[in-house]
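# A structural walkthrough
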Amino acid sequence: MAAVNEWIQAEHAESYLGRADRIPHRTEGEATLLELLPPTTSRVLDLGSGDGRLLGFVLNKFPNAEAVALDFSPTMLEKLRQRFHGNSNVSVSDHNLDNPLPPLGEFDAVVSSFAIHHCTHERKRDLYEEIFRLLAPGGVFCNLEHVASATQKLHVDFLSSIGYTPETEDPSNKLLDLHIQLQWLRSIGYEDVDCFWKWRELALMAGRKPA
(Lines give C-alpha, C1' and ligand atoms only; values in the text may rest on other atoms or scores of the structure.)
Protein backbone atom coordinates (compact mmCIF):
# COMPACT_ATOMS: atom_id res chain seq x y z
CA MET A 1 0.00 0.00 0.00
CA ALA A 2 1.46 3.35 -1.01
CA ALA A 3 1.99 5.66 1.93
CA VAL A 4 0.30 8.68 0.33
CA ASN A 5 -0.43 11.56 2.69
CA GLU A 6 -1.38 14.92 1.20
CA TRP A 7 -2.03 16.71 4.49
CA ILE A 8 1.30 18.50 4.33
CA GLN A 9 -0.19 20.55 1.48
CA ALA A 10 -1.95 23.76 2.53
CA GLU A 11 -4.57 23.46 -0.21
CA HIS A 12 -5.54 19.95 0.94
CA ALA A 13 -5.87 21.02 4.58
CA GLU A 14 -7.86 24.14 3.73
CA SER A 15 -10.22 22.14 1.51
CA TYR A 16 -10.98 19.81 4.42
CA LEU A 17 -11.55 22.66 6.86
CA GLY A 18 -14.05 24.14 4.45
CA ARG A 19 -16.13 20.97 4.69
CA ALA A 20 -15.38 19.76 8.22
CA ASP A 21 -18.31 21.39 9.98
CA ARG A 22 -20.73 19.94 7.41
CA ILE A 23 -19.81 16.26 7.92
CA PRO A 24 -23.19 14.62 8.68
CA HIS A 25 -23.74 13.40 12.24
CA ARG A 26 -20.22 14.35 13.30
CA THR A 27 -21.43 16.16 16.40
CA GLU A 28 -23.17 12.97 17.59
CA GLY A 29 -19.89 11.08 17.56
CA GLU A 30 -18.08 13.94 19.29
CA ALA A 31 -20.72 14.15 22.02
CA THR A 32 -20.46 10.41 22.65
CA LEU A 33 -16.67 10.66 22.84
CA LEU A 34 -16.93 13.34 25.51
CA GLU A 35 -19.19 11.06 27.56
CA LEU A 36 -16.47 8.39 27.66
CA LEU A 37 -13.70 10.55 29.12
CA PRO A 38 -12.83 9.91 32.79
CA PRO A 39 -14.54 12.46 35.06
CA THR A 40 -11.19 13.30 36.66
CA THR A 41 -9.37 13.92 33.36
CA SER A 42 -6.47 16.28 34.05
CA ARG A 43 -4.14 15.53 31.12
CA VAL A 44 -5.16 14.75 27.54
CA LEU A 45 -3.34 14.01 24.28
CA ASP A 46 -4.99 14.80 20.93
CA LEU A 47 -3.48 12.96 17.95
CA GLY A 48 -3.85 14.62 14.56
CA SER A 49 -5.50 17.63 16.16
CA GLY A 50 -6.30 19.47 12.94
CA ASP A 51 -7.58 22.95 13.79
CA GLY A 52 -8.30 21.91 17.40
CA ARG A 53 -12.03 21.34 17.01
CA LEU A 54 -12.17 18.16 19.15
CA LEU A 55 -9.63 19.38 21.69
CA GLY A 56 -11.68 22.54 22.10
CA PHE A 57 -14.71 20.45 23.07
CA VAL A 58 -12.60 18.43 25.51
CA LEU A 59 -11.25 21.57 27.17
CA ASN A 60 -14.74 23.06 27.41
CA LYS A 61 -15.62 20.03 29.54
CA PHE A 62 -12.32 19.99 31.45
CA PRO A 63 -11.17 23.65 31.44
CA ASN A 64 -8.32 23.05 33.89
CA ALA A 65 -6.85 20.07 32.05
CA GLU A 66 -3.38 20.11 30.54
CA ALA A 67 -3.40 19.20 26.85
CA VAL A 68 -0.89 18.19 24.19
CA ALA A 69 -1.92 18.60 20.55
CA LEU A 70 0.02 16.86 17.77
CA ASP A 71 -0.22 17.50 14.03
CA PHE A 72 2.20 17.80 11.12
CA SER A 73 0.28 19.94 8.64
CA PRO A 74 1.68 23.49 8.70
CA THR A 75 -1.83 24.80 8.03
CA MET A 76 -3.30 22.88 10.95
CA LEU A 77 -0.44 23.80 13.29
CA GLU A 78 -1.06 27.47 12.54
CA LYS A 79 -4.80 27.04 13.22
CA LEU A 80 -4.05 25.22 16.48
CA ARG A 81 -1.72 27.94 17.72
CA GLN A 82 -4.28 30.60 16.84
CA ARG A 83 -7.13 28.75 18.58
CA PHE A 84 -5.22 28.11 21.82
CA HIS A 85 -3.15 31.30 21.89
CA GLY A 86 -2.89 32.46 25.47
CA ASN A 87 -3.85 29.09 26.98
CA SER A 88 -0.76 28.03 28.89
CA ASN A 89 -2.29 24.59 29.51
CA VAL A 90 -2.10 23.66 25.81
CA SER A 91 1.11 22.55 24.14
CA VAL A 92 1.15 22.27 20.33
CA SER A 93 3.81 20.07 18.70
CA ASP A 94 4.74 19.22 15.13
CA HIS A 95 4.61 15.43 14.79
CA ASN A 96 3.73 13.06 11.96
CA LEU A 97 1.77 10.04 13.19
CA ASP A 98 3.64 7.89 10.67
CA ASN A 99 6.53 8.12 13.14
CA PRO A 100 6.69 6.70 16.68
CA LEU A 101 5.24 8.96 19.34
CA PRO A 102 7.84 10.99 21.27
CA PRO A 103 8.12 10.69 25.06
CA LEU A 104 5.19 12.77 26.27
CA GLY A 105 4.49 11.52 29.77
CA GLU A 106 1.27 9.96 31.03
CA PHE A 107 -2.30 10.85 30.07
CA ASP A 108 -5.77 10.25 31.49
CA ALA A 109 -7.19 10.35 27.97
CA VAL A 110 -5.87 10.08 24.43
CA VAL A 111 -8.27 11.22 21.73
CA SER A 112 -8.19 11.40 17.95
CA SER A 113 -10.66 12.49 15.29
CA PHE A 114 -10.47 11.38 11.66
CA ALA A 115 -6.67 11.21 11.61
CA ILE A 116 -5.30 7.71 12.23
CA HIS A 117 -6.89 6.30 9.07
CA HIS A 118 -4.21 8.19 7.14
CA CYS A 119 -1.59 5.80 8.57
CA THR A 120 -0.77 2.43 7.02
CA HIS A 121 -2.48 -0.52 8.71
CA GLU A 122 0.79 -1.70 10.27
CA ARG A 123 1.38 1.77 11.67
CA LYS A 124 -2.16 1.95 13.03
CA ARG A 125 -1.57 -1.12 15.18
CA ASP A 126 1.83 0.07 16.37
CA LEU A 127 0.29 3.43 17.25
CA TYR A 128 -2.44 1.78 19.32
CA GLU A 129 0.29 0.02 21.31
CA GLU A 130 2.19 3.28 21.83
CA ILE A 131 -1.01 4.97 23.04
CA PHE A 132 -1.63 2.14 25.51
CA ARG A 133 1.81 2.73 27.04
CA LEU A 134 1.10 6.47 27.40
CA LEU A 135 -2.19 5.98 29.23
CA ALA A 136 -2.34 6.18 33.01
CA PRO A 137 -4.02 3.20 34.72
CA GLY A 138 -7.73 3.62 34.10
CA GLY A 139 -7.04 6.02 31.22
CA VAL A 140 -9.15 5.96 28.06
CA PHE A 141 -8.34 5.97 24.35
CA CYS A 142 -11.15 7.34 22.15
CA ASN A 143 -10.76 7.26 18.38
CA LEU A 144 -13.47 8.90 16.28
CA GLU A 145 -12.46 7.41 13.00
CA HIS A 146 -13.15 6.83 9.31
CA VAL A 147 -13.36 3.06 8.78
CA ALA A 148 -13.95 0.77 5.82
CA SER A 149 -17.39 -0.20 4.58
CA ALA A 150 -18.29 -3.88 4.22
CA THR A 151 -18.76 -3.56 0.43
CA GLN A 152 -17.69 -1.26 -2.38
CA LYS A 153 -21.32 -0.21 -2.95
CA LEU A 154 -21.64 0.91 0.66
CA HIS A 155 -18.39 2.82 0.32
CA VAL A 156 -19.62 4.63 -2.80
CA ASP A 157 -22.92 5.39 -1.07
CA PHE A 158 -21.06 6.86 1.89
CA LEU A 159 -18.88 9.02 -0.32
CA SER A 160 -21.98 10.32 -2.07
CA SER A 161 -23.54 11.22 1.29
CA ILE A 162 -20.61 13.52 2.10
CA GLY A 163 -20.26 15.02 -1.36
CA TYR A 164 -17.46 12.89 -2.80
CA THR A 165 -16.98 10.23 -5.47
CA PRO A 166 -14.38 7.44 -5.72
CA GLU A 167 -12.47 9.78 -8.04
CA THR A 168 -12.46 12.71 -5.62
CA GLU A 169 -12.07 10.97 -2.26
CA ASP A 170 -8.95 11.71 -0.23
CA PRO A 171 -6.05 9.65 -1.64
CA SER A 172 -4.49 9.77 1.83
CA ASN A 173 -7.23 7.49 3.18
CA LYS A 174 -6.17 3.98 4.21
CA LEU A 175 -9.45 2.60 5.48
CA LEU A 176 -9.61 -0.55 7.61
CA ASP A 177 -12.43 -2.72 8.92
CA LEU A 178 -13.70 -1.56 12.32
CA HIS A 179 -13.83 -5.04 13.83
CA ILE A 180 -10.18 -5.72 13.03
CA GLN A 181 -9.25 -2.58 14.91
CA LEU A 182 -11.43 -3.46 17.89
CA GLN A 183 -9.73 -6.85 18.06
CA TRP A 184 -6.33 -5.18 17.94
CA LEU A 185 -7.26 -3.01 20.92
CA ARG A 186 -8.36 -6.04 22.92
CA SER A 187 -5.23 -8.01 22.08
CA ILE A 188 -3.02 -5.09 23.14
CA GLY A 189 -4.66 -5.09 26.56
CA TYR A 190 -7.37 -2.44 26.46
CA GLU A 191 -10.50 -3.28 28.45
CA ASP A 192 -14.16 -2.44 27.79
CA VAL A 193 -13.37 -2.12 24.09
CA ASP A 194 -16.36 -1.37 21.89
CA CYS A 195 -17.75 0.72 19.08
CA PHE A 196 -19.77 3.31 20.97
CA TRP A 197 -21.21 5.18 17.98
CA LYS A 198 -21.35 4.63 14.23
CA TRP A 199 -22.82 6.24 11.13
CA ARG A 200 -21.86 4.49 7.91
CA GLU A 201 -18.05 4.79 7.69
CA LEU A 202 -17.70 7.06 10.73
CA ALA A 203 -17.18 5.19 13.99
CA LEU A 204 -16.12 5.83 17.57
CA MET A 205 -13.97 3.05 19.01
CA ALA A 206 -12.68 3.22 22.55
CA GLY A 207 -10.97 1.19 25.23
CA ARG A 208 -9.58 1.62 28.73
CA LYS A 209 -6.23 0.72 30.22
CA PRO A 210 -6.74 -1.53 33.26
CA ALA A 211 -6.64 0.37 36.54
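Residue numbers restart at each chain and count upward from 1, following the sequence in its written direction. Where totals are concerned, whole chains, interfaces and linings use all residues; where local detail is concerned, this predicted model gives features only for residues with pLDDT of at least 70, and gives and counts side-chain atom pairs only at 80 or more. Side-chain numbers come from the whole structure's heavy atoms, not from hydrogens or water.

This next bit is on the sheet that holds strand β7 (residues 202-208). Strand-to-strand pairing in sheets goes through backbone hydrogen bonds, with the strands running parallel or antiparallel. Spatially, 7 strands are ordered β3-β2-β1-β4-β5-β7-β6 in an open sheet, and the strand pairing comes out mixed. The open sheet is flanked by β3 (90-94) and β6 (191-199), the only strands paired with a single partner. On average, each strand axis in the sheet is inclined to that of its neighbour by 15°, with strand direction left out of account. Two strands make a pair as long as DSSP finds a minimum of two bridges between them. Under the scheme used here, helices are H or I runs from DSSP no shorter than 4 residues and strands are E runs no shorter than 2 residues, and both carry numbers assigned from the N terminus. Pairing between strand β5 (residues 135-146) and β7: 7 bridges, direction antiparallel. Of the residues in β7, the one forming a bridge with L144 is L204. Contact definition: two residues touch when any of their heavy atoms are within 4.5 Å. Comment: axis = line fitted to C-alpha atoms, over the contacting stretch for helices; angle = value between 0 and 180 degrees taken between N-to-C directions. Along the sheet, helix α3 (residues 53-61) makes contact with β1 (43-47), β2 (66-71), β3 and β4 (107-113), crossing β1 at roughly 165°.

Moving on: the packing of aromatic side chains. Two aromatic rings are characterised by how far apart their centres lie and by the angle between their planes. For Phe, Tyr and Trp, rings pair up if their centres lie within 6.5 Å, where Trp contributes its six-membered ring, and each pair is then called stacked (planes under 30 degrees apart), edge-to-face (over 60) or tilted (otherwise). Counted by the stated rule, this structure contains 5 aromatic pairs. Measuring from ring centre to ring centre gives 4.9 Å for F132 and Y190, while their planes differ by 70°; the resulting arrangement is edge-to-face. Here Y190 lies in the loop between α7 (178-188) and β6 and F132 lies in helix α5 (residues 121-134), a separation of 58 residues in the sequence. Exposure categories follow from relative accessible area, calculated using a 1.4 Å probe and restricted to protein chains: below 20% of the type maximum is buried, above 50% is exposed, and the middle band is partly exposed. Taking relative accessible area as the criterion, F132 reaches 16% and is therefore assigned buried. Centre to centre, the rings of F141 and Y190 are 6.0 Å apart; their planes meet at 40°, and the pair counts as tilted. Here F141 is found in strand β5, whereas its partner Y190 is found in the loop between α7 and β6, with 49 residues between them in sequence. We note that F141, like Y190, is buried. The rings of Y128, F132, F141, W184 and Y190 are connected pair by pair, giving a single aromatic cluster. A positively charged side chain is recorded as over a ring if its NZ (Lys) or CZ (Arg) lies within 6 Å of the ring centre. The angle to the ring normal must also be within 35 degrees. Of note, R43 hangs over the ring of F107, and the distance from its end group to the ring centre comes to 4.2 Å. A cation over an aromatic ring shows up here: K209 above the ring of F132, its NZ or CZ 5.1 Å from the ring centre.

So far we have only geometry, and geometry alone does not tell us how the molecule works.
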